[in-house]
Amino acid sequence: MRSTGEYEGMVAETTAVEGHNGDRVHAYFARPAGPGPFPGMVLFHHRPGWDEWYKEITRRFAHHGYATICPDLYCRTGHGEPDDVAARAQAEGGVPDDQVVADAQSCIAHLRALPILNGKVGLMGTCSGGRHAYLAACRSENVDAIVDCWGGRVVMGPDQLTDRQPVAPIDYTRDLACPLLGLFGDDDQNPSPDQVAQHEAELERWGKKYEFHRYPDAGHGFFYYDRPAAYRAEQALDGWGKVWDFLSRHLG
């Protein structure tokens, strides 16, 4: 908690990184004003796209002291209203997993090249972004912490695998090399409570360091204050508290 007498400021802007296959990928970047050093965060947007909510939480992370970047994973689909771009991306079968991982690694490298960084980088995503964050963490060697908020399709059946998503992220669990925080609603069906339990069992099987928290009377997207049917104020406040505590312990 900052003192009311402190100076506060941040820089927030649209930028770009060189992503998968050298593609120019738009990203939203926000960091606290000042020389740092600051920990870094990469945010993975949800299935509705690179929208206002994600840009707001990018700035929220900067307010809490993190240099934060949020890539537009649907950038190659074209530009327009986030809902329209997201619909086009889903009609194409979603973004390929290899592409997401490469874009994530480009964002991590972008942060690590900043002179203001303290040397630590974490990942966080919600909904499909939670899946993408978990996938990227398992397939990268330079991640220090991950937050998965109700990431659907971490657990996948054979009938759900596609050319773009050929391996269920849970099958990469043995390669996870950093602590994991997971937040889930008991009323969610993507992931369902059984899928969350299956994921937890796999983490335990491989001896991974993790914390899972399940919230009663909460379903998918309970952080989303802009979606009244999904939002649960009490659970969201508690969940955000756990996010800040977890990241402060593991990123500094």
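The rules behind these values
Residues numbered from 1 in each chain as written. Predicted model: local features only at pLDDT ≥ 70, side-chain atom pairs only at ≥ 80, totals over all residues. Heavy atoms only, no water. Pairing = 2+ DSSP bridges. Helix = DSSP H or I, 4+ residues; strand = E, 2+ residues; numbered from the N terminus. Axes fitted to C-alpha atoms, helices over the stretch in contact; angles between N-to-C directions. Contact = heavy atoms within 4.5 Å. Phe/Tyr/Trp six-rings, centres within 6.5 Å; stacked < 30°, edge-to-face > 60°. Buried < 20%, exposed > 50% of the residue type's maximum accessible area, 1.4 Å probe, protein only. Parallel < 35°, antiparallel > 145°, perpendicular 65-115°, else oblique. Nonpolar A, V, L, I, M, F, W, Y, C, P; charged D, E, K, R; others polar. Right-handed = clockwise from strand over helix to strand, strands pointing away. Expected span 1.5 Å × (residues − 1). Arc of directions from axis to C-beta. 1 Å grid on protein atoms, 1.4 Å probe; cavity = no way out; pocket = protein on both sides within 12 Å on 5 of 7 lines; lining within 4 Å. Points joined across faces, edges and corners; volume = space filled by probe spheres on them.

A. Inspection of the sheet that holds strand E4 (residues 67-71) at higher detail. Spatial ordering of the open sheet is given by E1-E2-E4-E3-E5-E6-E7-E8, a layout of eight strands whose pairing is mixed. Pairing within the sheet leaves two strands with one partner each, and these edge strands are strand E1 (10-18) and strand E8 (210-215). The sheet shows a mean angle of 20 degrees between the axes of neighbouring strands, direction not considered. Inspection of the sheet shows strand E3 (residues 38-44) paired to strand E5 (residues 117-126) by six bridges, in the parallel sense. When the bridges of E5 are listed, Leu43 appears paired with Met124. Relative to strand E2 (residues 24-32), helix H1 (residues 52-63) is tilted by about 40 degrees, and along the sheet it contacts E1, E2, E3, E4 and E5. In this fold helix H5 (residues 193-205) packs onto strand E6 (145-149), strand E7 (180-185) and E8, with an angle of close to 165 degrees to the strand it touches most, E8.

B. Main features of the packing of aromatic side chains. Here the structure, examined in full by the defined rule, presents 15 aromatic pairs. Residues Phe61 and Tyr66 carry aromatic rings whose centres are separated by 5.8 Å and whose planes lie at 75 degrees to one another, so their mutual orientation is edge-to-face. Here Phe61 and Tyr66 have matching classes, each one buried. Among the aromatic side chains, those forming a connected cluster through ring pairs are Trp53, Tyr54, Phe61, Tyr66, Trp150, Tyr215, Phe222, Phe223, Tyr224, Trp240 and Trp244.

C. Looking closely at the packing of helix H3 (residues 97-112) against helix H4 (residues 128-138). At a closest axis distance of 9 Å, the pairing of H3 and H4 adopts a crossing angle of 70 degrees. The angle between the axes of H3 and H4 places the two elements in the roughly perpendicular class. Here Asp97, Val100, Val101 and Ala104 of H3 come into contact with H4, specifically with Arg131, His132, Leu135 and Ala136. Counted by class, the contact of H3 with H4 contains five nonpolar, one polar and two charged residues.

D. The arrangement of the side chain of Gln235 in detail. When you line up the elements, Gln235 lands in helix H6 (residues 233-251). When near neighbours in sequence (up to four residues on either side) are disregarded, Gln235 contacts Tyr215, Pro216, Asp217, Ala218 and Phe222.

E. Structural context of the pairing of E5. Across the 10 residues that make up E5, a large majority, seven, are buried. The pairing of E5 with E6 spans five bridges and is parallel. Residue pairing across strands places Gly125 opposite Asp148, the latter belonging to E6. Running through H4, the crossover from E5 to the neighbouring parallel element E6 is right-handed.

F. Main features of H5. Spanning 13 residues, H5 covers 18 Å between terminal C-alpha atoms, matching the ideal 18 Å at 1.5 Å per step. Considered for burial, the residues of H5 that qualify are Val196, His199, Glu200, Glu202 and Leu203. Down the axis of H5, the sector holding all buried residues measures 160 degrees, keeping them to one side. For H5, the exposed residues set more than 90 degrees away from the buried face come down to Asp194, Glu204 and Arg205. Lining the buried residues of H5 we find H4, E6, E7 and E8. Gly207, located one to two residues past H5, shows a positive phi value of around 70 degrees.

G. Spatial organisation of empty space enclosed by the protein. Going through the model one piece at a time under the given rule, you end up with one cavity of 30 Å³ or more. There is about 60 Å³ of room inside the largest cavity. Lining the largest cavity are Asp148, Gly151, Gly152, Arg153, Val154, Val155, Phe184, Pro191, Gln195, Val196 and His199. Counting residues per element, the lining of the largest cavity draws most heavily on H5, which supplies three residues. Looking at side-chain class alone, the lining of the largest cavity contains five nonpolar, four polar and two charged residues.

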